[in-house]
Structures are given as C-alpha cells and as structure tokens.
Amino acid sequence: MDTTITMTTHIQTPYFSLPGLFQRLANLRHTFKDDLLAGITVSLVAIPQSLAYAQLAGVPAYYGLYAALIPTIIGAIFGSSRQLSTGPVAMTSLLTAASVAQLAPHGSEQFYSYVILLALVSGLFQIAFGALRIGVLLNFLSHPVLMGFINAAALIIGLSQLPTLLGIPSQQTEHFLLDIWQVISHIDTMHEMSLAFGLSAIFLLLAFKKFAPKMPGVLITVALLTWASYALGFAGIGGRVVGEIPTGLPSLSMPPLDWHATMDLLPAGFVIALISFMEAMSSAKVIALKTRQPWNENQELIGQGLAKVAAAFSHSMPVSGSFSRSALNLVSNARTGMASVISAVFVMLTLLYFTATLYHLPKPVLAAIIMMAVMGLLNFQIIVKAWRANRDDGIAAAVTFVSTLAFAPNIQNGILTGILLSLSLLLYRMMRPRVAILGLHADGTLRDAHRHELPPLHAHLGAIRFDGALRFVNVSYFEDAVLELERENPEMTHILIKSSGINDLDASGVELLSNLVTRFRDNGITMMFCGFKRQVQEVLDRTGLTDKIGVANIFSTDREALDYLRVRA
C-alpha cells in the first residue's frame, strides 16, 4: 500500500463502459506478450499472499485463492487503472477479522458466513459512493490520519502473527495488546519447530529481497519450506499446516443474507469501503503518476465495489487494490487489465490441479509472509514530518496511531477517532484564522507589526489583516479583533482592513461588516478597506454594502489607501 498522496489527472468516463480490459481488446495483439509475462509474475506472488491473507482474515486458506480469482477479473474489467491488481490485502483482511469477531467466534461457520456478508455490504457501499460520484468525499480522511492508522495497523498485523509464528495457542478477546502480552509471557511454551519454520521463512524472504529481488522469492520460500514440512513430518509433531484445500472452482451463489447481521455489519462495511479504497486509490495514483495515464476515482470505486460483491457471490472475503502486486504489475510492464486476468487464470489452475501440494504448507511460514509484507508499511518519520508541517496534523496522526492500538482489535474505532479529530481541528482553525496588526515596513508596504517589530502606524490610524474566509464560523473572532484594536487606540479616527486575505464572504460576514461600519461611524471612526478580491467585491456590490461603506473608502491596493490616509489621518 502506498502512503504518498499525489495530485494526478482524472478523467470522467461513462460508468460501465467496461474500461480496462474490454476497452483495449482492439490492441490485444500489441500488448498480450507484456501482459502475459506480467500476469505470470504477479501470480507467483499472489498465490502465497492469498493464502497468508486468508489466515489473517481468520478464514480457511482457499478463501484467499477464491478472492484472487473472480474478484481480480472483475476489478480489471470495471476499474479505470490498467495496472491496479485487485485481490486479498493485509489491511482489509485485518479489518475483516476484527469486525466479524465481534459477532461470531473464530473458526465457526457463522464467522465465515459473516465474512462473506461483509464483502457484500462493503462492496455495495463502494458502488453507491461511485454511482453518486462522491469519491471526492473520501478526502475527509486526511493524509496524517491515514498515516497514523497505517502505522498502527501494520504493528497490529505483525503482532497478530506472533502466536502462529511461535506456535502458541492464544485467546482473542476485546483487548488485543493484552492478548499479545499473554503470548509473550508464555513464550516458554512455544513450539520450537514452528519458530524454526517462521524464522527460516523470514531469513529466505530477506535474502531474496536483497540478493535476488527479481526472483519470485515468496513462491520459492513457500515451495522449499512446504517440502521441508512434508519431509520432516511437521504436521505430525504438532505443527500447524494449511491442510486440505478443496479442489475445484468456487461455486457461484447468493451470499448468506441475515438482516440483523447486516445491520450490525453496516459500520464495519462503511469503514472497510473507506479504508480499502484509500489503499486502491494510493496505488492508482502512483500508477497514474508513473505511466501518465489518467484514472477516474468514481469509476475505480465502482470497480472495487463490484469486485467485493463478486467475492461475496463466490464465497470469499473482502478484497482491495494491492499496492505490492500493482507495483509488480507496473515493474513487469503490464499494459492492460489482461495482466490481472492472466494472473487469475494461474490461480484457477492452482485450484484445479495443485491444491494437494499446499497441504503441508506451514502456517508459521504464512505468518512470516504477512509480517514481511507489512514491514514496508511502517513509516514513523512521516508522522514526525506531519508534526513539523502543522501541529494539528501531528496531533491527529499521533492520536489516530495511539487510539488504533488502544481499540485493537476494533481498529475501525481508531480511524473514526482520527477522522473526527482532524475535522474538529479543521473547524477550530476555520473559527480562529490568523489576524495581524499591521505596521509600515521600510519598503512602504503594510506588514505584520509583531513579526517585523514595526512601530504603530499613527495615533489616529490602525490597520489589521484577516487571513481567511469571513464566514459564520469566525465572524465573532473577526469582530473581537477589530474591537480590541479600537479599545487599545482611543484616539483612532480611521481603521484600515487589509482584505487581500479574505477569499470568501457569506451572509453572516456581510451583516457583521455592515454593523461594524455603522458602529464605528457613530463613534466618529471611518472604516476603510483595501485589496478586496473580485469575488468578495461582487458580494459587497450585490448586497449594497459597497454603498454603505462608501466607494471612497474602498481601495485597490495598500499604497492607494496609505497615500489617502497620509492626508486624512
């Protein structure tokens, strides 16, 4: 998953115009070779990752393979990004497990049916977002909040695999950190062979990443350690393995519908729709930046939503756009959505002919794959940068990080806390924009007197600058600032409002200015303005406030106002 938010070009394409794969069938002979190689390459990573993420979601391993089949094809057909790879991903899998665990015990048939139902609910949310063209509203999830959540979730994902890696049975309660502490405190009961397989997997994955990054390290690691598990009889000595995977393709049928469960899953479905699309959007933005190909966020919402619905109808789990597999698509020179279709074909071949070879795959190896996958998500430096850029952003990121850890396994509460806090801080900033008392700088311009250590303008003249839209949320703050300037300068006869920072004016702002002009005029003080933006001046003209202020008291620039006041003040 990418963590960089970058401005890229969007296009508006008609919905259900089958962009991606079908749109480019005419050029198939020119792109098929590149797509074939990319699809094979991605499938070598997708198959073991799918098994691992099914384990993270708390469902049987074959759910992950099902999620990498039909949903991958649907995402390629209906999405707008040519290289975005849809399928099981770590963050969505963790959210799935945490959400459903509140309604049903792990390992039960009810748990599995609720996972399928959650795929349907979250998919319908995304389709609705896209159809109503409200993808832009997802920007309410600010980058600092997203980074705080991602870092906390990455830690939770990694720590959640400790019991499997160590071979220690663990309880899953409402307090994730206490559960992990219980595992650590009983480390003397660990299964040594499980730890050996897990550490071997980590060592091999790191070695491939450093010395042979172009080789399918994940697949080779899985193959070697599955053979070792079979040779050593790992399952027979208490080791946990994937076990039997049904041979054949998933059957298509209606998801198990339960009205009460659906109502209970609505909040979780909304959060998964939000977070999983942020994952997909991050990948799509990076792809668009590197390929200079446009994409459409509302079309992508529909594509991702349909992929989730397809997962529900094929007895699988919620899916999303994968950053790691999409990046591999890009590096492998995938040209169209056909690359994702080819990747799904190889998953299909695995389900038809190779499931028996996965029986002895050790679950500690899958835990190691998950832990290695989320290591790249950890980036605490970006939270520090947010703090340096803006104190409020730093607070939002830190609070989101801490609350996500504290609420775990209910990590959706962490992201909701972050969103509410960031919006509250935004509203607070809007209520209290920057106000500066002005002085005359040596270059003849009006500057912040406090920052530049400038003397007062004149005993009879005060000047103030307001940096922000003058709306109902901050009119009282503006009024207090102007009245304070009047109280501190009892001999003042003219007040100049430098208005270049006011970029919008609503009815409350008009009413306030009208009342201030009247009040100061009754007290023998002339209120003057300079530097109104055109859109603000048009509001003044339409409401008659220009006439009330007086055209002679409105100036285009600071210099015009100062030249006039030198004579009058």
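Residues numbered from 1 in each chain as written. Predicted model: local features only at pLDDT ≥ 70, side-chain atom pairs only at ≥ 80, totals over all residues. Heavy atoms only, no water.

S.K.: It is not clear to me how the overall build of the protein should be interpreted in this structure. Could you clarify?
M.R.: Helix and strand content of the protein: 24 helices and eight strands. Structurally, the protein occupies a C-alpha span of about 100 × 60 × 50 Å along its principal axes. Counting over 569 residues, the protein shows a buried share of 55%. Long-range contacts, defined here as pairs at least 24 residues apart, represent 83% of the contacts in the protein between residues at least 6 apart. By element, 62% of the accessible surface of the protein is carried by carbon and sulfur atoms, the whole surface being about 25,200 Å². Computed over 37 positive and 36 negative side-chain charges, the separation of the two mean positions in the protein equals 10 Å. (Helix = DSSP H or I, 4+ residues; strand = E, 2+ residues; numbered from the N terminus. Buried < 20%, exposed > 50% of the residue type's maximum accessible area, 1.4 Å probe, protein only. Contact = heavy atoms within 4.5 Å. Areas by Shrake-Rupley, 256 points an atom, 1.4 Å probe, with all protein chains shown as cover. Lys, Arg positive; Asp, Glu negative; His and termini not counted. Charge placed at Lys NZ, Arg CZ, Asp CG, Glu CD.)

S.K.: Any chance you could explain the pairing of strand β5 (residues 461-467) here in plain terms?
M.R.: Regular strands show a simple pattern: their side chains alternate between the two faces of the sheet. Burial analysis of β5 places six of its seven residues in the buried class, the great majority of the element. Pairing of strand β3 (residues 434-440) with β5 involves four bridges; the strand directions are antiparallel. Bridge pairing in β5 places Val435 opposite Phe466. Note that β5 and strand β6 (residues 494-498) share five bridges and pair parallel. Across the sheet, residue Ile464 finds its bridge partner in β6, namely Ile497. Remark: the β5/helix α20 (residues 475-488)/β6 crossover connection has right-handed handedness. (Pairing = 2+ DSSP bridges. Right-handed = clockwise from strand over helix to strand, strands pointing away.)

S.K.: Help me out: how do you make sense of a nonpolar patch on the surface in this one?
M.R.: There is a patch of nonpolar side chains on the surface, built from Leu423, Leu426, Leu427, Met430 and Met431 and spanning about 380 Å² of accessible area. Along the polypeptide, Leu423 turns up in helix α18 (residues 412-431). (Patch = residues over 30% accessible without salt bridge, like charges linked within 9 Å, V, L, I, M, F, W, Y side chains within 5 Å. Salt bridge = Lys/Arg side-chain N within 4 Å of Asp/Glu carboxyl O.)

S.K.: Would you explain the sheet that holds β5 in this entry?
M.R.: Each strand in a sheet pairs with its neighbour through backbone hydrogen bonds, running either in the same direction (parallel) or in the opposite one (antiparallel). Read from one edge of the open sheet, six strands run β4-β3-β5-β6-β7-β8, paired in mixed fashion. Edge positions in the sheet fall to β4 (446-448) and β8 (554-555), since each has one partner strand and no second. As judged from the three bridges shared by β3 and β4, these two strands associate in the antiparallel manner. Each bridged residue has a counterpart across the sheet, and for Gly439 the counterpart in β4 is Arg447.

S.K.: Would you explain the nonpolar core in this entry?
M.R.: Most often, soluble globular proteins keep nonpolar side chains buried together rather than apart. In this structure, Val59, Leu141 and Met317 are the most contacted members of the largest nonpolar core, which totals 119 residues. Residues contacting Met317, with those up to four places away along its chain left out, are Tyr53, Ala54, Ala57, Val59, Tyr63, Gly64, Ala67, Pro88, Ser93, Val115, Ala119 and Ala311. In this structure, Ala481, Val482, Ile495 and Leu540 belong to the second largest nonpolar core, which totals 30 residues. (Core = buried A, V, L, I, M, F, W, Y, C linked by side-chain atoms within 4.5 Å.)

S.K.: Hey, could you run me through the side chain of Gln161 in this one?
M.R.: In this fold, Gln161 is placed in the loop between α6 (143-160) and α7 (162-166). For Gln161, a relative accessible area of 4% translates into the label buried. Only 3.1 Å separates the side chain of Gln161 from the side chain of Gln55, close enough to count as a polar contact. Aside from chain neighbours lying at most four places away, what touches Gln161 is Gln55, Leu56, Ala367, Ile370 and Met371. (Polar contact = N/O pair within 3.5 Å; in protein donor to acceptor, adjacent residues only side chain to side chain.)

S.K.: Looking at this structure, how should I read helix α10 (residues 217-232)?
M.R.: It helps to recall that an α-helix has 3.6 residues per turn; residues three or four apart then point in one direction. A rise of 1.5 Å per residue sets the reference length of α10, with its 16 residues, at 22 Å; its end C-alpha atoms lie 22 Å apart and thus fit the reference within 8%. Among the residues of α10, Gly217, Val218, Thr221, Val222, Leu225, Thr226, Ala228 and Ser229 are the ones counted as buried. All buried residues of α10 fall inside an arc of 160 degrees around its axis, so they share one side. Among the exposed residues of α10, those oriented more than 90 degrees off its buried face are Trp227 and Tyr230. (Expected span 1.5 Å × (residues − 1). Arc of directions from axis to C-beta.)

S.K.: How should helix α13 (residues 323-331) be read in this particular structure?
M.R.: If you check which residues of α13 are buried, you get Arg325, Ser326 and Asn329. Looking straight down α13, one finds that the buried residues subtend no more than 100 degrees of arc, so they occupy a single side. Where α13 ends, the next residue or the one after it, Asn333, has phi of about 70 degrees, a positive value.

S.K.: I'm lost on the pattern of salt bridges in this one. Help?
M.R.: If the charged atoms of two oppositely charged side chains come close together, the side chains can form a pair. Using the criterion set out here, one finds eight salt bridges in the structure. Ionic pairing is found between Arg429 and Asp392, a salt bridge with its closest N-O pair at 2.9 Å. One end of the pair, Arg429, is in helix α18; the other, Asp392, is in helix α17 (residues 391-407), and 37 residues separate them in sequence. When its relative accessible area of 30% is taken as the criterion, Arg429 is described as partly exposed. Note on Asp392: relative accessible area 18%, which makes it buried. A salt bridge links Arg471 to Asp504, with the shortest nitrogen-to-oxygen separation between them at 3.2 Å. In this pair, Arg471 is assigned in the loop between β5 and α20 and Asp504 in the loop between β6 and α21 (507-522), connecting sequence segments 33 residues apart. Note on Asp504: relative accessible area 27%, which makes it partly exposed. Because the salt bridges share partners, they merge into one network encompassing Arg434, Asp448, Arg465 and Asp467.

S.K.: When you look at the packing of helix α9 (residues 192-211) against helix α15 (residues 363-375) in this model, what are you seeing that I'm missing?
M.R.: Working note: a packed helix pair is described by the angle between its axes plus the distance between those axes. Between α9 and α15, the least distance of the axes is 8 Å, while the angle of their chain directions is 40 degrees. Of the possible angle classes, the one that applies to α9 and α15 is oblique. Helix-helix and strand crossings are classified by hand; for α9 and α15 the assignment is right-handed. Of the residues in α15, those in contact with Ser194, Phe197, Gly198, Ala201, Ile202, Leu205 and Leu206 of α9 are Pro364, Val365, Ala368, Ile369 and Met372. Of the residues that constitute the contact of α9 with α15, the class distribution is ten nonpolar, two polar and no charged. (Axes fitted to C-alpha atoms, helices over the stretch in contact; angles between N-to-C directions. Parallel < 35°, antiparallel > 145°, perpendicular 65-115°, else oblique. Left-handed = near helix turned anticlockwise from the far one by under 90°. Nonpolar A, V, L, I, M, F, W, Y, C, P; charged D, E, K, R; others polar.)

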